[in-house]
Structure formats: C-alpha cells, structure tokens
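As a plain string of letters, each chain reads:
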Amino acid sequence: MIKQIIASVMITASVCAFAQVKVVEGTKFTTDDNLETDAKLVLADDYNSYMFSAINIDGLMRNVFPHKKLLMRKLDQNGSLVDTYTQDYANKTNGVLHNYLGSQQIDEDRLVAFTEEYFGKENRKEVFQHVFSKKTGSFTTKSIAKYTIESANKSGTTYIVFSENGKYAAVFNDRYSTKKTGNVNDALVIDLRTLTPLWNKEITLSSDYVEKSLTLTNSGKIVLLRKAAGWKESYKMEMVSNTEDKDLPFDDKYIPEKLYAISKDDNDYLVTFGRKNQAVKMGGSTFGTVMFYDIKSGKAIISNTNLAGAQDMSDVKVIKTIIKGDEVLMAVQQETVSRPLPTAMNRFPDPVYTLDVGVLMKFNKEGEVKQFVPLGSNPSGRRVQVIESGDNLYVSAFYPKGTFGNTGFSMKTFDFGSLTPKELTVDYKGRNFFQNYGFTDGNLVQFVSATNKLLFLDKDGKNVQVFSVYNFVK
C-alpha cells in the first residue's frame, strides 16, 4: 500500500513537472531590417520552424546589395538559426522591373510566394510562383501567367489574394485601360493543394465603375467591390467565376469600403466594413458599420459598431476568423494613417500607416454583431494575435495600466461563449514573460499544437530572437 502511495505521488509530481511552463531562448541572429519585408514564422513542427521574408527593393547597383530575393531561414527546436535558403527572383536584363506580390503557407511542408516582372521593351508582364519545400530545402520556380502591356508605365496592377480557408489563390491582373481599350482584366484562380489552375478567364467589366478592392471566397470565386467613376457616391459588388458573372445587390444607402469572404455550412458569405451613406464620418474614418451578406440568398444584415472611433482610420485588417456552430467570431484590427509635417529636407513626407485598436467581434446566426470587445489601446502599433484551442482563445493585445493592474502587451484567455478576458502570466526572470517581451507582430507568432509550444520572434531592428513557451495551453 505504501509503495502504491509513493508511486502515485511520484507520477503526480512527474505530471506536474511535465506540465510546468518553460521558456527557452534561441540564439540571436540578424536580418537586414532596411530591406526585408513581410517577415513571418511558418512551417513550424516538433523540430524546426522557418522565418520567411522578402526583399523587394529596386536599384541600379545590382552587384552591391541583394534587391530582389525570397529568404527562408531554418530554425532549430530552440529557435536558433540553422541555415538560410535564398531565391533571387530578378531577371538581370536591363530594364526589367520586378515586384513581390505575396505569399502563404500551403501545408506542413510547403510555402508559395508570387512575384511578377514586366518589361516595357517587349510589352510583356509575367507572373511566377515560387514554392519552398522544407523536405528538399529549396525553391521551385514556375511561370504561371503572361500578359501583354503597353509599356512599363502602362502595365496595370497585379493583385494576389488568398481564400480564408487557405485552399485557393487568385491572380487578378487589372489591365491599364482607356476609353479605347475598355475595362478588361485577367483572372486566374489556383488550387493551392495541387498548384494547378481552378479556372482562368478574361473578364470585361463596365467602364462606368472602377475596381476598389476584391476578395476570394472559400469556393474559389472572386468578388469585386466597384465604385462609380467620377464623383457619384455609388458602389456595387460583382461576383465572377468560371461559369458566372453577376451583381450582388444590397442596400444602395450602404457604402462598403472593405470586403472579406468567409464560409459557413458550405455557404459563402461576405463581411464588409463601411458606412451608411447618410452617416457622419468620425474624423477621417468611414468604418462605422458592418454588413454580413449571404451570397446565396442575397440577404444582408447591417450592424452599427464603434469601429470608426479612431480618427483618420484607413483600413480594417481581419486577423483571424473562427466559426463554431452558427456563430462567427472575427478578430479585427484598425489601421490609421498619420501625415508627418514637412521639413526643409523633406517637403512631401510619406504618410505613416500604423496598426491601431483591435477588437473581437461576434456575429449570431442571423448575421448581427452580438458582441463587440475592444482589446485596449495600441500605442506601439503592434499586431493582435489570436490562437484557438478548444473553446478558449488566447489573444495578445495591449492593455493600458489599470485594466488588469499593469500595462503593456499581454496574453489574455477568452472563453468563446462569454468573451470575458483573464490574464495569463508566466513567471520568467522575475516578470510576467508576455509583458517583458511582448509581441512584435502576429506574423511572427506560431503555435505548435503537437508539442503545446508557442513560438514568437522578438524583433528589434536587425536583431532577432525566437522564444519558445512550452506547455502554453493548460
């Protein structure tokens, strides 16, 4: 009996020790902070993780600095740098221009990045896909689309958008148009699981409206938000696919400014952020209302929110969408724009865009916003991050002093049903770890559920360090 008790105590102690939160610091490494953009942690598993970034700088001194590269840094279990894989996507022919369009993880092994090059002398534009595989440790490049352009200055604009479920990518070539050429565009939707075209066609749109934004549904259809040409305050939504091209009617008094597509029970829906035509703008913001739109039935539910509380708000970023039963939860974050005062050295300074306040927004089954939870303020301009585990949400956000008796970026846990926050603490070096280091950007955070490990990358200029929080979810 005594032996059984001792064994039971030892097992309990072992389980408790195993479940104890542990923080491991990776060795610091450096990046070129002035050149690298779109940095994010990807392809994380039990053993390794990878940091992707892109260099998209044009310049004449091609042999002095790497101006067009895709970078994949391999990190070990502790987050220390193991290797760096580089893909130069520049055509060295003089006069050929290049552009990085976007990237996304496909599955546990692969990430795809898209670039374009255009050459006025040959009147051509070409789009490439670059697939990195961690099994081979290399990039594979393939040309996926070629377009004719008038010149380098009249080459139109190429957009890459990804579906919310990660299954599809759309290449939309918005051609340079005139009264003579009309509004003709090229659409290519790719199945990312096979990296083959789902559909591909030329689209002719009416010239009395111009394209404002677009989104891709989880079934691989493109929805365009179009604004009336000229001064008229009129908008329309148009859905195109391989077999259809139709308008999606909605209240003409509502002005959508941003589109986002989701699906529920295999049906496609749109969530749009905007305002009512007669609504008074708050500061420079136009995002005072949210419309939940059922594409199949055409039913639209418009909810008033206080998203427009930030002055000069320029955009809304959807960080994460979670669907449970009939309810839809969105973590969204506002972006604001500030315009620095001119100086003697810089008479026309560029505007500065900063991520601002984050909120959790829950829709009921009818599509009404039933809960709206602000996530504090965000003076540091950092991205909100949301991790889902069962019925719990783990949210990083900036909470001002007094909310929880402290200040700084913290991790909070929310029950999906009530959305009531509780602070998470990890005692590390005498302080709450999450406030001590904070989160630089949601792209630099990954949760490895198989090992219950939270990875995040602390970035200070060129210096980068990865921290691993084991037994994060309890």
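Structural notes, computed from the coordinates. (Residues numbered from 1 in each chain as written. Predicted model: local features only at pLDDT ≥ 70, side-chain atom pairs only at ≥ 80, totals over all residues. Heavy atoms only, no water.)

1. Structural notes on a negative patch on the surface
Here's step 1: A cluster of acidic residues, D265, D266, D326, E366 and E368, forms a negative patch at the surface.
Here's step 2: Inspection of the secondary structure assignment puts D266 in the loop between β19 (254–264) and β20 (267–276). (Patch = residues over 30% accessible without salt bridge, like charges linked within 9 Å, V, L, I, M, F, W, Y side chains within 5 Å. Areas by Shrake-Rupley, 256 points an atom, 1.4 Å probe, with all protein chains shown as cover. Salt bridge = Lys/Arg side-chain N within 4 Å of Asp/Glu carboxyl O. Lys, Arg positive; Asp, Glu negative; His and termini not counted. Charge placed at Lys NZ, Arg CZ, Asp CG, Glu CD. Helix = DSSP H or I, 4+ residues; strand = E, 2+ residues; numbered from the N terminus.)

2. A few points about the sheet that holds β20
Here's step 1: Read across the sheet, four strands follow the order β19-β20-β21-β22 without closing on themselves; strand pairing throughout is antiparallel. Of all strands in the sheet, those bounded by a partner on one side alone are β19 and β22 (300–304). Neighbour to neighbour, the strand axes of the sheet diverge by 20° on average, direction disregarded.
Here's step 2: Of the pairings in the sheet, the one linking β19 to β20 comprises ten bridges and is antiparallel in character. In the sheet register, K264 faces β20, and the bridge partner there is N267. (Pairing = 2+ DSSP bridges. Axes fitted to C-alpha atoms, helices over the stretch in contact; angles between N-to-C directions.)

3. Re unusual backbone geometry
Here's step 1: For L419, which is not glycine, the phi dihedral falls at a positive 55°.
Here's step 2: Topologically, L419 is positioned in the loop between β29 (408–415) and β30 (421–423).
Here's step 3: For L419, a relative accessible area of 3% puts it in the buried group. (Buried < 20%, exposed > 50% of the residue type's maximum accessible area, 1.4 Å probe, protein only.)

4. Concerning the packing of aromatic side chains
Remark: the centre distance and the inter-plane angle together describe each pair of aromatic rings, the angle taken between the planes.
Here's step 1: Summed over the entire model, instances satisfying the criterion amount to 13 aromatic pairs.
Here's step 2: Aromatic side chains F52 and Y100 sit 6.2 Å apart centroid to centroid with 40° between the ring planes, which places their arrangement in the tilted category. Within this pair, whereas F52 is found in strand β4 (residues 49–56), its partner Y100 is found in strand β7 (residues 96–105), the two being separated by 48 residues in sequence.
Here's step 3: Its relative accessible area of 11% is what places Y100 among the buried residues.
Here's step 4: Residues F114 and F162 carry aromatic rings whose centres are separated by 6.3 Å and whose planes lie at 45° to one another, so their mutual orientation is tilted. With F114 in strand β8 (residues 110–119) and F162 in strand β11 (residues 157–162), the pair connects residues that are 48 residues apart, well separated along the chain.
Here's step 5: Three or more aromatic residues joined by ring pairs make a cluster, and in this case those are Y50, Y85, F132 and F139. (Phe/Tyr/Trp six-rings, centres within 6.5 Å; stacked < 30°, edge-to-face > 60°.)

5. Quick notes on the pattern of salt bridges
Here's step 1: Within this structure, the stated rule accounts for 25 salt bridges.
Here's step 2: The salt bridge involving R73 is made with E36; its shortest N-O contact spans 3.0 Å. With a gap of 37 residues between them, R73 in strand β5 (residues 68–75) and E36 in strand β3 (residues 36–42) connect regions that are remote in the sequence.
Here's step 3: Its relative accessible area of 7% is what places R73 among the buried residues.
Here's step 4: Close ionic contact of K40 with D38 constitutes a salt bridge, the shortest N to O distance being 3.5 Å.
Here's step 5: Relative accessible area serves as the criterion here: at 12%, K40 is assigned to the buried category.
Here's step 6: Ionic contacts of the salt-bridge type, sharing partners, join the residues E117, E122, R124, E126 and K146 into one network.

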